[in-house]
Amino acid sequence: MKPRHFLTLLDLEPSELRGILERARELKVMQKRRELYQPFKGYVMGMIFEKSSTRTRVSFETGMDQLGGHALFLSPRDTQLGRGEPIEDSARVLSSMVDIIMVRTFGHEKIERFAAYSSVPVINALTDAYHPCQLLADIQTFIEHRGDIRGKTVCWIGDGNNMCHSYINAARQLDFKLKIACPAGYEPARELVEDNADRVTVLRDPTEAARGAHLLVTDVWASMGQEDESHQRIEEFAGYQLNEELLEFADDDALYMHCLPAHRGEEISASLMEREDTVIWEEAENRLHAQKALVEFLLNHSG
Ligand code: CP
Ligand code: NVA
């Protein structure tokens, strides 16, 4: 059997995604009861991080441990990956030793190349183009609080970045409407928008995008690797903050999310971050449960 990879949300059928989201909720309940569930004793995950991480590293490492397996942190600083060993060679060697690999890197084509040469499942733990694991957690959180997201309206505020691209894929796979508000020059990839024109709209006015939305989402204005543009972006994104005023335009029951880390006072107001009823912390916790369900699915569906 060929390995199943998870490089974008399009790698899984909508029914498979829904199955993983349901399973995530079951695994969460089991974990809260401290039920031991260790189907992957002796399994090892390789975790390649070319960018920093708190949530992704801790959730995968903890998740593998809870499933009975083990995770290895591999940074380019102390592996041959950082000294120019070809991706194709690294993929062949690592996948001959471990059972599943997650990769956080820059260009999306790097992970595609890695996956093409890997004999075990490869998970995208964030590239410049996509962050599909975060979407599993976000959608799980929405379902837990509001039920199915099908037919709902989601509003994206800010940069048309990797998170925004994954929201576009999620809109397609899980059948919701997505209204994106971003400043000129920071739109998501045109082809992705055009391919999903039946569900996705790109606007300039954040209030128009927020109107009637059931979920509002934002992310940092400068992603990892764009630190040099931070100052310019702070100027250009002024007015694109997720805050109490913007929330007024949304549905009365609207939720709001942020994948974190957040910059209070930039893309999100401090008051929203500190609200008692925010689901942002659950959203972060759900990375653990959703990714355990993902790992279980990929390992059970690969030879
Ligand atoms: N949201 C997210 O992926 O966080 P980390 O960068 O801390 O992994
Ligand atoms: N868009 C952000 C997400 C961080 C989890 C980045 O790529 O840095």
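Provided above is the structure to which this section pertains.
Within each chain, residues carry numbers counting from 1 in the order of the written sequence. As a convention, the first chain written is A and the first ligand written is 1, with the rest following in written order. The predicted nature of this model means local features are confined to residues of pLDDT at least 70 and side-chain atom pairs, given and counted, to a pLDDT of 80 or more, with totals for whole chains, interfaces and linings taken over all residues. In computing side-chain properties, one takes all heavy atoms of the structure into account and sets aside hydrogens as well as water.

A separate point is the overall build of the chain. The numbering of helices and of strands both runs from the N terminus, where a helix is a DSSP run of H or I of at least 4 residues and a strand a run of E of at least 2. Check the secondary structure of the chain and you find twelve helices and nine strands. Radius of gyration here uses only the C-alpha atoms, and the compact-globule reference equals 2.2 Å multiplied by the residue count raised to the power 0.38. For 303 residues, the compact-globule formula gives about 19 Å, and the C-alpha radius of gyration of the chain, at 19 Å, lands near that figure. With the C-alpha coordinates aligned to their principal axes, the bounding extent of the chain is approximately 50 × 45 × 35 Å. Note on exposure labels: buried denotes an accessible area under 20% of the residue type's maximum, exposed denotes more than 50%, and partly exposed covers the range between, all computed with a 1.4 Å probe on protein chains only. Here the chain holds 303 residues, and the buried ones make up 55% of them. Contact definition: two residues touch when any of their heavy atoms are within 4.5 Å. When contacts within the chain are restricted to residue pairs at least 6 apart in sequence, those whose partners lie at least 24 apart make up 73%. Split by element, the accessible area of the chain, about 13,300 Å² in all, is 48% carbon and sulfur. The Shrake-Rupley method, run with a 1.4 Å probe sphere, supplies the accessible areas, and residue values consider only the shown protein chains as cover.

So, about the nonpolar core. Across soluble globular proteins, you tend to see nonpolar side chains buried next to one another. To form a nonpolar core, buried Ala, Val, Leu, Ile, Met, Phe, Trp, Tyr and Cys residues must be joined to one another through side-chain atoms within 4.5 Å. Counting 59 residues, the largest nonpolar core has F6, M45, I123 and Y167 as the members making the most contacts within it. In this structure I123 touches F6, M45, F60, I100, I101, M102, V103, I111, C133, L294, V295 and L298, once residues within four positions along its chain are discounted. Grouped together as the second largest cluster of nonpolar side chains are 24 residues, L242, L246, L260 and L272 included.

With that out of the way, let us pick up the layout of surface pockets. The space that makes up the largest pocket amounts to roughly 600 Å³. Contributing to the lining of the largest pocket are 34 residues, with V220, A222, S223, M224 and P261 lying nearest its centre. Of all the secondary structure elements, the ones that give two or more residues to the lining of the largest pocket are α2 (55-66), α6 (162-174) and α9 (230-236). If one sorts the elements of the lining of the largest pocket by residue count, α9 sits on top with three residues. When grouped by side-chain class, the residues that make up the lining of the largest pocket number ten nonpolar, 14 polar and ten charged. Here a cavity denotes grid points, spaced 1 Å and computed from the protein atoms alone, that fit a 1.4 Å probe unable to get out, and a pocket denotes an open set having protein on both sides within 12 Å along at least 5 of 7 lines; residues with an atom within 4 Å of a point are the lining. Grid points are joined across faces, edges and corners, and a volume is the space filled by probe spheres set on the points. Approximately 250 Å³ is the volume attributed to the second largest pocket. Contributing to the lining of the second largest pocket are 15 residues, with L247, D252, D253, A254 and R275 lying nearest its centre. Of all the secondary-structure elements, those providing two or more residues to the lining of the second largest pocket are α10 (244-247) and β9 (255-258). Residue polarity is assigned by list, with Asp, Glu, Lys and Arg as charged and Ala, Val, Leu, Ile, Met, Phe, Trp, Tyr, Cys and Pro as nonpolar; anything else, Gly included, falls into the polar class.

One heavy atom suffices: a residue is near a molecule or strand as soon as one of its heavy atoms comes within 4 Å of it. Lining the immediate environment of ligand 2, one finds L126, H131, N161, N162, D219, V220, S223, M224, C259 and L260. Within the side chain of D219, one N or O atom sits 2.6 Å away from a nitrogen atom of ligand 2. In this structure, M224 approaches ligand 2 through a main-chain N or O atom, which is 2.8 Å from an oxygen atom. When atom positions are compared with the pocket grids, ligand 2 is found to occupy the largest pocket. For the shell around ligand 2, the residue count by class is five nonpolar, four polar and one charged. Here a polar contact is recorded for every N or O atom pair within 3.5 Å, except that within protein the pair must consist of a potential hydrogen donor and a potential acceptor, and residues adjacent in sequence are included only if both atoms are side-chain atoms. By definition, a pocket or cavity contains a molecule when more than half of the molecule's atoms lie within 2 Å of the pocket's grid points.

What follows deals with the environment of E266. Relative to the helices and strands, E266 resides in the loop between β9 and α11 (270-274). According to the relative accessible area criterion, E266 is partly exposed, its value standing at 23%. Distance in space between the C-alpha atoms of E266 and W221 is 7.8 Å, their sequence separation being 45 residues. Beyond its immediate chain neighbours, meaning those up to four positions away, E266 contacts W221, I234 and Q241.

Shape descriptors only; they carry no functional weight alone.
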